[in-house]
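Chain residues, written in single-letter form:
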Amino acid sequence: PHAAAAAAAAAAAKDEVGESSAEEAEAAPPHPPSAAPEPAAAPSGAEHKRFSFGPFVGLAGRAQCCSVLCTCESSGDVSQHGILRCSCCQATLCGMCAAHVQLESHTMLPLHPEGGRFGADAAAGDGDGATPEEFEGSLRRAMPDALQLEEPLAGSGIGTELFRLLRVDRDRDAVRIKYVSHGGEGAAPVATLSVAFGRMGAAGVGITATLYDLSGGKRGLLPPAARLVLRGGGGGGTSNADEWEVCEERAATLSFEPEHGDVSSSYRSEMGLLDFKEEVVANKIHVGSSDTQAASLVGGTYVRQRCRGTTVFGALWKREAAGGSEAMWLFVNPDVDRTGPDHLVFGTTPTYRDGRAFHVAELRLRPNQPVLEWLHALGQAALTDG
Ligand SMILES: [Zn+2]
Ligand SMILES: [Zn+2]
Ligand SMILES: [Zn+2]
């Protein structure tokens, strides 16, 4: 009995983050704080000319450096020690805190081989963002206080709104700028735009902009309406037009076949729970689909990763990049307020913390089948089948 699941494979995204953006938007003032002079970096000559993020992708490297990179760092505090990052799950810690944590399941490497919390950036000394405060300041100056997207998004009817800058947040792995759009004078927000500068998946840095459409008046979990992914390259920006991807939900059925005889201890077994002492999960999972689009998106062989403590239920499988298809991960996206079920998700990043803009498909398991039970069944199939 091979486990099967229905998956919704979307063009781009699906799942959690919406709850925060919706609430944040509701907390937004009806009018922004008084506008600063038109920033020099904004397209010239205009009341709110259409805006492109491409030219600013070069800021992403420094944004990653200035983001929160250790549990001992808060939005205002910075560790004095160099940063280590797991090349697999992308978790980061400073050298001091790393000494107190079990890290043998991770592959920790220095973020800056040259050493120090900010590496070579610290020596730059050009006042252009060596410290988080300076960087937030320079990002604020570079970004307009009000913007419209370059083009309305195809077929979505969104993107024509005027967005106003709400705030800049120094977050984990990224510095985020939040914009909000109101329908009219004093009206409720109709859209939010969250723009993350920093780490992008497991390969480098870039800008990820995620647009949420609040005009439907729905509350709670909101899927992204569209996303823009700009990879940072050699440090410069790009003058190409921003290519926004509108998220479209579509359903497909996926098959999951475990590699027979290749299993490892489950999360509950590793935790020492006696009832689950013998429980195993599949080390290798072959994912397929008769739906061509779904198969090309998420099909292939996924291998369980060693990282523990940073992943939910120690559940992290990776499909290596090959033949034009990018690396893909299968992991558990937890229900953040613990009121709904956790979800298994395919994403182009190894961590759920990067948000729904990176989710490619979310598994819809059968009703009343929790994720752990589904993984257990797949592990059993690896033992008994074949
Ligand atoms: Zn750096
Ligand atoms: Zn790791
Ligand atoms: Zn630390």
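Right above here is the structure, for reference.
In short, a report on the structure.

Reading the values: rules and limits
Residues numbered from 1 in each chain as written. Chains lettered and ligands numbered in written order. Predicted model: local features only at pLDDT ≥ 70, side-chain atom pairs only at ≥ 80, totals over all residues. Heavy atoms only, no water. Donors = N, O, S within 2.8 Å, 3.2 Å for Na, K, Ca; no water. Tetrahedral: all angles 85-135°; square planar, octahedral: opposite > 155°, others 65-115°. Buried < 20%, exposed > 50% of the residue type's maximum accessible area, 1.4 Å probe, protein only. Phe/Tyr/Trp six-rings, centres within 6.5 Å; stacked < 30°, edge-to-face > 60°. Lys NZ or Arg CZ within 6 Å of the ring centre and 35° of its normal. Salt bridge = Lys/Arg side-chain N within 4 Å of Asp/Glu carboxyl O. Helix = DSSP H or I, 4+ residues; strand = E, 2+ residues; numbered from the N terminus. Pairing = 2+ DSSP bridges. Contact = heavy atoms within 4.5 Å. 1 Å grid on protein atoms, 1.4 Å probe; cavity = no way out; pocket = protein on both sides within 12 Å on 5 of 7 lines; lining within 4 Å. Points joined across faces, edges and corners; volume = space filled by probe spheres on them. Nonpolar A, V, L, I, M, F, W, Y, C, P; charged D, E, K, R; others polar. Domains from an automatic or database assignment. Axes fitted to C-alpha atoms, helices over the stretch in contact; angles between N-to-C directions. Core = buried A, V, L, I, M, F, W, Y, C linked by side-chain atoms within 4.5 Å.

1. A few points about the coordination of the zinc ion (ligand 3)
Okay, step 1: Those donors, C70 (SG), C72 (SG), C94 (SG) and C97 (SG), are the protein atoms that reach the zinc ion (ligand 3), and they lie 2.2 to 2.3 Å from it.
Okay, step 2: Note that the zinc ion (ligand 3) binds 4 donor atoms; their angles at the metal cover 103 to 116°, and the shape is tetrahedral.
Okay, step 3: One chain supplies every donor for the zinc ion (ligand 3), spaced along it as C-x1-C-x21-C-x2-C.
Okay, step 4: Take C72: its relative accessible area is 38%, and that puts it in the partly exposed class.

2. Describing the packing of aromatic side chains
Okay, step 1: Tallying each qualifying case throughout the model produces 6 aromatic pairs.
Okay, step 2: Considering the side-chain rings of F51 and F53, the 4.9 Å spacing of their centres and the 85° angle between planes classify their relative orientation as edge-to-face. Across this residue pair, the class does not change: F51 and F53 are buried.
Okay, step 3: Counting every residue linked through ring pairs, the aromatic cluster contains F256, Y302, F346 and W374.
Okay, step 4: The ring centre of F118 lies 4.6 Å from the NZ or CZ of R117, which sits over that ring.

3. Considerations on the pattern of salt bridges
Okay, step 1: Taken as a whole, this structure holds 14 salt bridges when the rule is applied.
Okay, step 2: Here E249 and R364 are joined by a salt bridge, their closest N and O atoms 2.7 Å apart. On the criterion of sequence distance, the pair formed by E249 in the loop between β12 (245-246) and β13 (251-258) and R364 in strand β21 (residues 359-364) is long-range, its members being 115 residues apart.
Okay, step 3: With relative accessibility at 52%, the residue E249 sits in the exposed group.
Okay, step 4: Take R364: its relative accessible area is 40%, and that puts it in the partly exposed class.
Okay, step 5: Across the salt bridge formed by K318 and E320, the nearest N and O atoms sit 3.4 Å from each other.
Okay, step 6: Residue K318 is classed as buried on the basis of its relative accessible area, which comes to 19%.
Okay, step 7: The network of salt bridges with shared partners includes E73, R117 and R170.

4. Some points on the pairing of strand β8 (residues 174-182)
Okay, step 1: Burial analysis of β8 places 9 of its 9 residues in the buried class, which makes it a mostly covered element.
Okay, step 2: Across the two faces of β8 the burial is the same, with A174, R176, K178, V180 and H182 and V175, I177, Y179 and S181 all buried.
Okay, step 3: When strand β7 (residues 163-171) meets β8, the two strands line up antiparallel, connected through 7 bridges. Counted as the bridge partner of V168 is I177 from β8.
Okay, step 4: The loop that links β7 with its antiparallel partner β8 comprises 2 residues; one of these, D173, has a positive phi angle of about 65°.
Okay, step 5: Here β8 runs beside strand β9 (residues 189-199); their pairing, made up of 9 bridges, is antiparallel. Bridge pairing in β9 links S181 to A191.

5. Brief notes about the pairing of β9
Okay, step 1: The buried count for β9 comes to 11 of 11 residues, which makes it a mostly enclosed element.
Okay, step 2: Inspection of the sheet shows β9 paired to strand β10 (residues 205-213) by 9 bridges, in the antiparallel sense. Along β10, the bridge assignment pairs R199 with V205.
Okay, step 3: Counted along the chain from β9 to the antiparallel partner β10, the turn is 5 residues long, and its residue G201 has a positive phi close to 55°.

6. Remarks on the side chain of D335
Okay, step 1: With respect to the helices and strands, the residue D335 is situated in the loop between β19 (328-333) and β20 (343-347).
Okay, step 2: Setting aside anything within four residues of it in sequence, one finds D335 in contact with G340, P341 and D342.

7. Section: the layout of surface pockets
Okay, step 1: When its volume is computed, the second largest pocket comes out at roughly 420 Å³.
Okay, step 2: Forming the walls of the second largest pocket are 26 residues, and the residues nearest its centre are A91, T92, R172, T310 and R353.
Okay, step 3: Contributions of two or more residues to the lining of the second largest pocket are made by β4 (92-94) and β19.
Okay, step 4: Of the residues belonging to the lining of the second largest pocket, the class tally is 12 nonpolar, 9 polar and 5 charged.
Okay, step 5: Each of two domains, domain 1 (19-59 + 149-246) and domain 2 (250-384), supplies a minimum of three residues to the lining of the second largest pocket.

8. Structural notes on the sheet that holds β9
To summarise the sheet geometry, strands pair through backbone hydrogen bonds and adopt either a parallel or an antiparallel arrangement.
Okay, step 1: Taken in spatial order, the 8 strands of this open sheet run β2-β6-β7-β8-β9-β10-β11-β12, and their pairing is mixed. Sheet topology places β2 (50-51) and β12 at the edges, where each strand pairs with a single neighbour.
Okay, step 2: Strands in contact with helix α5 (residues 132-142) are β7, β8 and β9; relative to β7, the strand with the most contacts, it is inclined by about 165°.

9. Comments concerning the nonpolar core
Okay, step 1: Counting 39 residues, the largest nonpolar core has F256, V298 and F346 as its most contacted members.
Okay, step 2: Leave out the neighbours within four places in its chain, and V298 touches L254, V287, R319, M328, F346, V360 and A361.
Okay, step 3: Residues L193, I207, A226 and L228 belong to the second largest nonpolar core, which totals 35 residues.

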